[in-house]
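Here is how the chains run, residue by residue.
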Amino acid sequence: METIIWPVYIDSNRTKKEGRRINKSDAVSSPKLTEISRAANKLKLSPKTEDDKSYPRFWWEESGRVIIEREDISKNSVLIKISETIKDLRQK
């Protein structure tokens, strides 16, 4: 099953109304598309990056998106795992 991940889903600088999908404590500050892609790769989710796309609510910002393959796991769990992986990668 293909799932789209927009950077706003895990951005701690955004509110839930603006599109953040996970708790602020789990989210990361200003996640980059490359970070999301690298984290998804590390989690073996075979990411495809599309950097010319815009999140519908912020159509003027070309934030891009990552499409991943996921099975038997909720989207929310995937977002939290990707966010945790980005935090680990930033500490290195």
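Refer to the structure above for everything that follows.
Keep in mind the model is a prediction, meaning the values are calculated, not measured.

Visitor: Would you mind going over the overall build of the chain with me for this structure?
Guide: A tally of regular secondary structure across the chain gives two helices and three strands. Helices (α) and strands (β) of the chain occur, in sequence order from the N terminus, as β-α-β-β-α. Taken against the 2.2 N^0.38 rule, which gives 12 Å for 92 residues, the C-alpha radius of gyration of the chain at 12 Å falls within 12% of a compact globule. Each principal axis of the C-alpha atoms in the chain carries an extent, and together these give about 30 × 25 × 25 Å. Across the chain, every contact between residues at least 6 apart in sequence was considered, and the portion connecting residues at least 24 apart equals 59%. Here the chain has roughly 5600 Å² of accessible surface; of this, 47% comes from carbon and sulfur atoms. Computed over 20 positive and 15 negative side-chain charges, the inter-centroid distance for the chain is 4 Å.

Visitor: Looking at this structure, how should I read unusual backbone geometry?
Guide: Glycine aside, residues mostly have negative phi angles, and peptide bonds mostly take the trans form. Even without glycine at this site, Ser-30 takes up a positive phi of about 45 degrees. For Ser-30, a relative accessible area of 34% puts it in the partly exposed group.

Visitor: Any chance you could explain the sheet that holds strand β2 (residues 48-50) here in plain terms?
Guide: Across the sheet, which stays open at both edges, the three strands sit in the order β1-β3-β2 with antiparallel pairing between neighbours. Of all strands in the sheet, those bounded by a partner on one side alone are β1 (2-5) and β2. Across the sheet, the axes of successive neighbouring strands diverge by a mean angle of 25 degrees, strand direction being ignored. Strands in contact with helix α1 (residues 33-42) are β1, β2 and β3 (65-69); relative to β3, the strand with the most contacts, it is inclined by about 10 degrees.

So, how was this worked out
- Residues numbered from 1 in each chain as written.
- Predicted model: local features only at pLDDT ≥ 70, side-chain atom pairs only at ≥ 80, totals over all residues.
- Heavy atoms only, no water.
- Helix = DSSP H or I, 4+ residues; strand = E, 2+ residues; numbered from the N terminus.
- Rg over C-alpha atoms; globule rule 2.2 N^0.38 Å.
- Contact = heavy atoms within 4.5 Å.
- Areas by Shrake-Rupley, 256 points an atom, 1.4 Å probe, with all protein chains shown as cover.
- Lys, Arg positive; Asp, Glu negative; His and termini not counted.
- Charge placed at Lys NZ, Arg CZ, Asp CG, Glu CD.
- Buried < 20%, exposed > 50% of the residue type's maximum accessible area, 1.4 Å probe, protein only.
- Pairing = 2+ DSSP bridges.
- Axes fitted to C-alpha atoms, helices over the stretch in contact; angles between N-to-C directions.

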